[in-house]
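Coordinate inspection notes
What follows is the residue order along each chain.
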Amino acid sequence: MHVVVSAEGPRLNAERLARLEPFALPGADLFYCGPAGLRDAILAGLKTMGQSPRRVHAEAFELR
């Protein structure tokens, strides 16, 4: 599990997520809580890298 707080460091993106994990993401389940736009951008980036997770479990979270 990784908790990323953008106010305390670099924002999460596909490249950073792939670097954080010691295993290939295509065989993994990704559990995600955050805004839909960020989730979509990360998933698109992972797909471009050939690192699409096996399944994605998402919980909608938006700051208003």
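Presented here is an overview of the structure given in this document. Counting restarts for each chain: residues are numbered from 1 in the order of the written sequence. Reporting in this predicted model follows two pLDDT cut-offs: at least 70 for local features of residues, and 80 or more for side-chain atom pairs to be given and counted; totals over whole chains, interfaces and linings ignore these cut-offs and use all residues. As a convention, hydrogens and water are excluded, and side-chain values are obtained from all of the structure's heavy atoms.

**A few points about the pattern of salt bridges**
A pairing counts as a salt bridge when a side-chain nitrogen of Lys or Arg comes within 4 Å of a carboxyl oxygen of Asp or Glu. In the structure shown here, the tally under the stated rule is three salt bridges. The closest approach of N and O atoms between R39 and D40, which form a salt bridge, is 3.4 Å. To sort residues, take the accessible area from a 1.4 Å probe on protein chains only and compare it with the maximum for the residue type: under 20% means buried, over 50% means exposed, and anything in between is partly exposed. We classify D40 as partly exposed; its relative accessible area is 42%. If you follow the salt bridges from partner to partner, you end up with D29, R54 and R55 in one network.

**Quick look at helix α2 (residues 36–48)**
It helps to recall that an α-helix has 3.6 residues per turn; residues three or four apart then point in one direction. End to end, α2 covers 18 Å across 13 residues, agreeing with the expected 18 Å (1.5 Å per residue, within 8%). Contacts are assigned to residue pairs that have any heavy atoms within 4.5 Å of one another. Under the scheme used here, helices are H or I runs from DSSP no shorter than 4 residues and strands are E runs no shorter than 2 residues, and both carry numbers assigned from the N terminus. Looking at the buried side of α2, the elements it contacts are α1 (14–20) and β1 (29–34). A positive phi of about 75° marks G50, the residue just after α2. Multiply 1.5 Å by the residue count of a helix minus one, and that product is the helix's expected span.

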